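So you can see what is in the structure, the chains are spelled out below.
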Amino acid sequence: MKVIFLGPPGAGKGTQAKRAVSALGLVQLSTGDMLRAAKASDTELGLEAASYMDSGRLVPDEVVIGLIAERLGESSLGNGFIFDGFPRTIPQAESLDVLMANANDSIACVINIKVPDEEIVRRLSQRRSCPSCGEIYHLEFFPPKNDDFCDQCGHKGLFHRADDTKDAIEKRLEVYHQQTSPLIDYYSGQEKIVDIDGTGSADAVHNSILGFLNKLGQEKIDLDKKKVG
Ligand code: AP5
């Protein structure tokens, strides 16, 4: 199954993608994580991406599409994947359609996680992340059990992302409304949008998403059986 998680910055795409991949045996493909890894290792790509990311702007389409095309060409995608943070513009979505069509494949659905802007600011200003395993925390809602140590891998030193400042959050929200939210209409036109209320607890949001994806998976199995029969 190939799925896209869409939503504003801080809607919970990363939190929910991690939970869904572990429940469904899928792979998480996060362009934000790929770009942060490039940035941390000081590659040419990372240095180019850093100035866009830290100020809350989007990295140019051709850079991100190149990263995804390369990743989709690898063989380790198992049962399928969840795109977290890709596509983010109409040209990225159009390029993805071409990549999928060339592989004789398609996106099953687009999970649109809806959270209002005021809540986004509250979530991002108190987020902390583990630089080692990528686990995501929130100082009020999901604090690490042991101070500055990651619950999952024990790494010491959780970090506050460089783009979680007030100015960068405002810019990211503006960019989302201008460049990314048009994807809702784009994928509605393909009848792939599934709206999910992202304002409940992380468990409640997870249950809604999983309920939908399990139903979709079962429908596909039934359809495949009919074709064989
Ligand atoms: P990226 O890393 O993708 O950032 P983003 O889309 O802004 O999303 P976030 O990671 O900030 O939030 P999220 O929705 O994953 O929420 P999370 O689960 O962490 O991209 C970063 C930058 O890279 C971009 O700005 C751009 O420059 C570049 N980039 C990436 N992809 C690109 C692309 N395709 N094209 C061009 N440029 C690209 O949760 C947030 C917080 O809320 C956490 O603290 C979490 O604990 C908490 N939380 C989560 N769920 C809940 C809940 N239900 N209740 C309460 N708190 C919750």
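Reference entry: report on the structure contained in this document. None of these values were measured; they are calculated from a predicted model.

What follows is about the side chain of T31. Within the secondary structure, T31 is located in helix α2 (residues 31-40). Given the relative accessible area of 4%, T31 is considered buried. Once residues lying within four places of it in the same chain are set aside, the contact partners of T31 are V64, I68, D84, G85, F86 and R88.

Between F86 and P87 the backbone carries a cis peptide bond, its omega angle lying at -5 degrees. Mapped onto the elements of the fold, P87 is located in the loop between β3 (81-84) and α5 (90-102). The phi dihedral of E191 falls on the positive side, at around 55 degrees, and the residue is not glycine. As for its placement among the helices and strands, E191 is situated in the loop between α8 (182-189) and β7 (193-197).

In this section: the packing of aromatic side chains. Counted by the stated rule, this structure contains three aromatic pairs. For the pair F83 and F86, a centre-to-centre distance of 5.2 Å together with 55 degrees between the ring planes defines the contact as tilted. Each member of the pair, F83 together with F86, is buried. Note on Y186 and Y187: the rings are 5.1 Å apart at their centroids and 90 degrees apart in plane angle, and the pair reads as edge-to-face. What makes Y187 buried here is its relative accessible area of 1%. Through a chain of ring-to-ring contacts, the aromatic side chains of F81, F83 and F86 assemble into a single cluster. Above the face of the F149 ring, K156 is positioned so that its terminal group lies 5.5 Å from the ring centre.

Conventions used here
- Residues numbered from 1 in each chain as written.
- Predicted model: local features only at pLDDT ≥ 70, side-chain atom pairs only at ≥ 80, totals over all residues.
- Heavy atoms only, no water.
- Helix = DSSP H or I, 4+ residues; strand = E, 2+ residues; numbered from the N terminus.
- Buried < 20%, exposed > 50% of the residue type's maximum accessible area, 1.4 Å probe, protein only.
- Contact = heavy atoms within 4.5 Å.
- Phe/Tyr/Trp six-rings, centres within 6.5 Å; stacked < 30°, edge-to-face > 60°.
- Lys NZ or Arg CZ within 6 Å of the ring centre and 35° of its normal.

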